[in-house]
Amino acid sequence: MVAVGKHPRWHRVGSISDLRQLKPVTGFVSGSLRNEVTPSFVSRLTLPLRASVYGTLTSEGTTFRGFEEPWLVDTENVGGRLEVLVVSEAGEGLADSARADDKVKVAIGRFKTDHDWTQVRKGDRYSTAVTFQQPFENAPPIILGFNKLDMGKHESALRLRLFPQNVVKDSFICNAEAWGETYLYNVFVNWMAIAEPRWQTGVLKTIANNPSALLDNRVDFEKPFSSPPMVFVCFSGLDMVNQWDFRAQATNIDHTGFSISLIASSATWVGVARVSWIAIPGEDVLTRKNTWIGRFSTTAESAVHNGSGEWTGSVKFGFQFKATPKIFIGVDQLAFSHDRNLRLYTDTRNVSKTGMDWRIKQWGNSVLKGAGVSYLALDCA
């Protein structure tokens, strides 16, 4: 049993004497000799790969349970890895450092356009300046995806490109553009700036120039992971003619790289595809429990079609987050009738620590045959 204070935080200690100035969040451990219950500090020993073993701290040392047998650690010889849970005084403004260390070091946001379609011209570009709430130490990698798309048909050509410019520590320019004869009426661009040192990111640009039904593109990591990572992919650029039926997915994932498989219908001609990707160490997901990657689609088991071009459903995360996560989404699959405008909107709602609801819909004269969305749930500031 643990008595939790109003504002608990972890405090790193070097010796028992350090505890005299602290207000503990106490736990209780049964005495081994007289079967009594003794108050003690809740403590943890941080191990490599950010794992922790939890225990109780008394004047005799630290007893950690979580292995087959309890074991003691001398607080003078733990190399600064021993922490105890203490109560923050009101007004100190102290963050919960147990969670601060585990928060994902990213910033996310959304660039929305809201144009009068009658004023839109072929090949228009839309741009905005994005300023981060807190500057990064270095210019961060930027990943882009979209969750709303309103494009006009012209000889069945669908051409879209999302890209960042002028990325510096505190800002960047977010761009969305069509080209050729394509009308881009409106778009919602989701962006993520990443400062996680163990994550790897990139954008695959491939030129197909043929109607092949399957294109596999190998991505090699700059530095191999210790085990296969979790991989997120979404579209950040499209160039399709004839049919509009296209999907991107991560396959053949190992510790050295993975394949981005581009799957098109036999009648879909793909000129250029741009796919944003993020690879996250599997051990980070399992030990820090601050990121989850998943997907939902119109063909998911939970999907319910209401008959008017809208699908809804729900997903469960792989674990319970410590706080309600923020959600980053990007479309990874499109299937629309090419003789109508393409109008797609997807969002998430009712996000909790364990899961969320989702929605995929068309509007206007569009005919949506199928769509898929990849998501990242992130415990970030």
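As recorded in an unreviewed UniProt entry, the protein chain goes by H-type lectin domain-containing protein and comes from Coprinellus micaceus.

1. Focus: the sheet that holds strand S13 (residues 183–194)
Read across the open sheet, the 7 strands follow the order S8-S13-S10-S24-S25-S22-S21; overall the sheet is antiparallel. Edge positions in the open sheet fall to strand S8 (106–112) and strand S21 (304–305), since each of these has one partner strand only. As judged from the 4 bridges shared by strand S10 (residues 142–152) and strand S24 (residues 342–349), these two strands associate in the antiparallel manner. Each residue of the ladder has a partner; that of Lys148, found in S24, is Tyr345.

2. Some points on the side chain of Ser276
By secondary structure assignment, the location of Ser276 is in strand S19 (residues 268–280). Within the structure, the side chain of Ser276 is placed 3.1 Å from the side chain of Ser236, a separation counted as a polar contact. Ignoring anything within four residues of it in the chain, the contact list for Ser276 reads Ile143, Leu144, Gly202, Val203, Phe232, Val233, Cys234 and Ser236.

3. Details of the environment of Trp292
Relative to the helices and strands, Trp292 is located in strand S20 (residues 291–297). Given the relative accessible area of 21%, Trp292 is considered partly exposed. Spatially, the C-alpha atom of Trp292 lies 5.6 Å from that of Leu376, the residues being 84 residues apart in sequence. The contacts of Trp292, once residues within four sequence positions are left out, are Met230, Val285, Lys316, Phe317, Gly318, Phe319, Phe321, Tyr375, Leu376 and Ala377.

4. A short note on the confidence of the model for the protein chain
With 70% of its residues at a pLDDT of at least 70, the protein chain reaches an overall mean of 79. Within the model, the stretch residues 1–5 combines pLDDT values under 50 with 11 contacts to residues more than four positions away or in other chains. Within the model, pLDDT remains below 50 along residues 89–100, and this stretch shows 14 contacts once partners closer than five positions in the same chain are excluded.

5. A short note on the packing of aromatic side chains
Under the criterion given, the structure shown has 18 aromatic pairs. Seen in terms of ring centroids, Phe188 and Tyr345 are 6.3 Å apart; in terms of plane orientation they differ by 85°. Their pairing is edge-to-face. Placement of the pair is Phe188 in strand S13 and Tyr345 in strand S24, with a sequence separation of 157 residues. Looking at Tyr345, the relative accessible area reads 18%, which means it is buried. For the ring pair Phe258 and Trp277, a centre distance of 5.4 Å and an interplane angle of 70° mean the geometry is edge-to-face. Here the residue Phe258 occupies a position in strand S18 (residues 257–264), and Trp277 occupies one in strand S19, the gap between them amounting to 19 residues. The residues Phe258 and Trp277 share a single accessibility class, namely buried. The rings of Trp292, Phe296, Phe317, Phe319, Phe321, Trp358 and Tyr375 are connected pair by pair, giving a single aromatic cluster. Sitting over the face of the ring of Phe163, Arg161 holds its NZ or CZ atom 3.9 Å from the ring centroid.

6. Considerations on unusual backbone geometry
Positive phi outside glycine occurs at Asn252, with the angle close to 50°. Along the chain, Asn252 turns up in strand S17 (residues 244–254). Classification of Asn252 as exposed rests on a relative accessible area of 54%. Within the chain, Lys289 stands out as a residue other than glycine whose phi angle is a positive 50°. Mapping Lys289 onto the fold places it in the loop between helix H2 (282–288) and S20. Relative accessible area serves as the criterion here: at 38%, Lys289 is assigned to the partly exposed category.

What counts, and where the lines are drawn
- Residues numbered from 1 in each chain as written.
- Predicted model: local features only at pLDDT ≥ 70, side-chain atom pairs only at ≥ 80, totals over all residues.
- Heavy atoms only, no water.
- Pairing = 2+ DSSP bridges.
- Helix = DSSP H or I, 4+ residues; strand = E, 2+ residues; numbered from the N terminus.
- Polar contact = N/O pair within 3.5 Å; in protein donor to acceptor, adjacent residues only side chain to side chain.
- Contact = heavy atoms within 4.5 Å.
- Buried < 20%, exposed > 50% of the residue type's maximum accessible area, 1.4 Å probe, protein only.
- pLDDT = per-residue confidence, 0-100.
- Phe/Tyr/Trp six-rings, centres within 6.5 Å; stacked < 30°, edge-to-face > 60°.
- Lys NZ or Arg CZ within 6 Å of the ring centre and 35° of its normal.

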